[in-house]
Amino acid sequence: YQPGDRVRDVNWKVTARRGTPHINRRRPERGGDVVIVLDATSDGWRQSDIGSALLQRAGQAVWGLARNHLAAQDRVGLLTQQSDGVDWLPPKGGVRAKYRVLDTLLGANASGRPRSRRPAIHRHDIPPAALVIGVSSLSNNTTLRSLAAMRAHGRTVGVLAIDAAQILHATDELDAPSLRLASMMFEAHVAYVRRLGLPIVTWRPGEDLDRAITRLAELTRRSIRTGAMA
């Protein structure tokens, strides 16, 4: 038993036998809907080497998330937020869904490839029971506001934040004060996401991506249990 677990899940026979509270842990249902929200705006980093590197790392994270969920028989959708609109792939499953996601990632924010973008996504486009995972470097609040709105409308939302510190230190575009400011802004945005009540895990490119994805899944499940208790 962990704080936040539902009382109705307590296994009373095991609890009586072992003398400490135990609960029934059920396997998550297969075939759920997952919508990954890719923040491809990059704000001040756009059209720079930093912006390109950030988008590449974010795409790597999205691909890792998509593969994991598709392997679990989930249906995966991708919402790519650009500065001039959104690209929307509704949740689908199977091998074709994997290649649809990969094709979109390869074309995200690329020049010379015309794409028909929508001004925004409608709330009813996202399945009511979908798990929404935002992938962002937190360089602006646009995507964060969208995720907060989805949470307010009943979706389960988590955030995988791309820590750009390694990328920023590897470039000569920023001086030392600018690097410190960028780090402070990132931490401030992480704190803002937590104040919104959204589970968030930071991932620094080069570290174990699967571990970050697993940690985010754990925090998201905990937030669901806490919400059920409330």
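These numbers come from a predicted model, not from an experiment. The residue count restarts for each chain, going from 1 along the sequence in the order it is written. Only residues with pLDDT of 70 or above have their local features reported here, since the model is predicted, and side-chain atom pairs are shown and tallied only from 80 upward, although totals for entire chains, interfaces and linings are computed over all residues. With hydrogens and water set aside, each side-chain value is computed from the structure's full complement of heavy atoms.

Q: Would you mind showing me how to read the overall build of the protein here?
A: The way it works is that DSSP assigns letters per residue, a run of H or I at least four long becomes a helix, a run of E at least two long becomes a strand, and they are numbered from the N terminus. For the protein, the count of helices and strands is seven helices and six strands. Beginning at the N terminus, the succession of helices and strands in the protein can be written as α-β-α-β-β-α-β-α-β-α-α-β-α. Here, two residues are considered to be in contact whenever any of their heavy atoms come within 4.5 Å of each other. Within the protein, contacts between residues at least 6 apart in sequence are counted, and of these 72% link residues at least 24 apart. Values of accessible area rely on a 1.4 Å probe in the Shrake-Rupley scheme; residue burial ignores everything except the protein chains shown. When the accessible surface of the protein is totalled, it reaches about 13,100 Å², and 50% of it is carbon and sulfur.

Q: Sorry if this is basic, but what is going on with unusual backbone geometry here?
A: Most peptide bonds are trans, and most residues other than glycine sit at a negative phi. In this model, Q73 sits at a positive phi of 70°, which is unusual for a non-glycine residue. You can see Q73 is positioned in the loop between α2 (49-71) and β2 (75-82).

Q: Sorry, what's going on with the packing of α2 against helix α3 (residues 94-107) here?
A: The axes of two packed helices give the description: the angle between them and the distance between them. Interaxial angle, 0 to 180 degrees, is taken between N-to-C directions of lines fitted to C-alpha atoms, where a helix line uses only the stretch in contact. At a closest axis distance of 11 Å, the pairing of α2 and α3 adopts a crossing angle of 175°. Put simply, α2 runs roughly antiparallel to α3. Two secondary-structure elements touch here, α2 through G59, V62, W63, A66 and L70 and α3 through G94, A97, K98, V101, L102 and L105. Class assignment of the residues belonging to the contact of α2 with α3 gives a composition of eight nonpolar, two polar and one charged. Oblique is the label for any angle not under 35 degrees, not over 145, and not in the 65 to 115 range, which are roughly parallel, roughly antiparallel and roughly perpendicular in turn. Residues were grouped as follows: Ala, Val, Leu, Ile, Met, Phe, Trp, Tyr, Cys and Pro as nonpolar; Asp, Glu, Lys and Arg as charged; and all remaining residues, including Gly, as polar.

Q: Can you walk me through the environment of T104 in this structure?
A: Tracing the sequence through the fold places T104 in helix α3. Between the C-alpha atom of T104 and that of L79, which follows or precedes it by 25 residues, the distance is 9.8 Å. Within polar-contact distance, the side chain of T104 engages the backbone oxygen of R100 at 3.0 Å. Under the rule applied, a polar contact is a pair of N or O atoms within 3.5 Å (in protein, one hydrogen donor and one hydrogen acceptor; residues adjacent in sequence only if both atoms are side-chain atoms).

Q: Could you clarify how one ought to interpret α3 in this entry?
A: Each α-helix turn comprises 3.6 residues. Residues three or four places apart therefore point the same way. For α3, spanning 14 residues, the distance from its first C-alpha to its last is 21 Å, which sits close to the expected 20 Å at 1.5 Å a residue. Of the residues making up α3, those classed as buried are A97, V101, T104, L105 and G107. Expected helix span is taken as 1.5 Å per residue step, with the number of steps being one fewer than the number of residues. Here the term buried applies to any residue with accessible area under 20% of the maximum for its type, exposed to any over 50%, and partly exposed to those in between, with areas from a 1.4 Å probe on protein chains only.

Q: Would you take a moment to explain α2 for this structure?
A: The end-to-end C-alpha separation of α2 is 33 Å, in line with the 33 Å expected for 23 residues at 1.5 Å each. Of the residues trailing α2, Q73 is marked for its positive phi of about 70°.

Q: How should the sheet that holds strand β4 (residues 131-136) be read in this particular structure?
A: Strand pairing in a sheet is mediated by backbone hydrogen bonds. Such pairs are either parallel or antiparallel. We treat two strands as partners when DSSP finds at least two bridges between them. Reading across from one edge, β3-β2-β1-β4-β5-β6 is the order of the six strands in this open sheet, with mixed pairing throughout. The sheet is open, and its two borders are formed by β3 (85-92) and β6 (200-203), each paired with just one other strand. Each strand axis lies, on average, 15° off the axis of its neighbour in the sheet, ignoring direction. Where β4 and strand β5 (residues 156-162) come together, six bridges link them in parallel fashion. Looking across to β5, one finds that I133 is bridged to G158.

Q: Is there a simple way to explain the pairing of β2 in this structure?
A: The side chains of a regular strand alternate, first on one face of the sheet and then on the other. Counting buried positions over the eight residues of β2 gives seven, a clear majority of the element. In this sheet, β3 lies alongside β2 in antiparallel orientation, the contact comprising six bridges. Across the sheet, residue L78 finds its bridge partner in β3, namely L89. What sits between the antiparallel neighbours β2 and β3 is a turn of two residues.

Q: What exactly am I supposed to notice about the confidence of the model for the protein here?
A: Detailed reading of the predicted coordinates is not advisable wherever pLDDT is low. Across the chain, each position has a pLDDT score giving the predictor's confidence in that residue, from 0 to 100. Mean pLDDT over the protein: 81, with 83% of residues reaching 70 or higher. Low pLDDT, under 50, characterises residues 109-114; the stretch is placed with eight contacts to residues that sit more than four places away or in other chains.

Q: Would you explain the pattern of salt bridges in this entry?
A: Pairing between side chains becomes possible if they bear opposite charge and their charged atoms approach one another. Criterion for a salt bridge: a side-chain nitrogen of Lys or Arg within 4 Å of a carboxyl oxygen of Asp or Glu. As enumerated under the stated definition, the model contains three salt bridges in all. Across the pair D33 and R75 runs a salt bridge, and its minimum N-O distance is 2.7 Å. With D33 in strand β1 (residues 33-39) and R75 in strand β2, this pair connects stretches of sequence that are 42 residues apart. Between R215 and E218 there is a salt bridge whose closest N-O contact spans 3.6 Å. A residue pair is termed a helical-turn pair when its members lie 3 or 4 positions apart in one helix, as R215 and E218 do in helix α7 (residues 209-229) at three residues. In this structure E218 comes out as partly exposed when scored by relative accessible area, which is 33%.

Q: Is there a simple way to explain the environment of D33 in this structure?
A: Considered as a pair, D33 and L70 are 37 residues apart in the sequence and their alpha carbons are 9.9 Å apart. Side-chain polar atoms of D33 contact the side chain of R75, separated by 2.7 Å.

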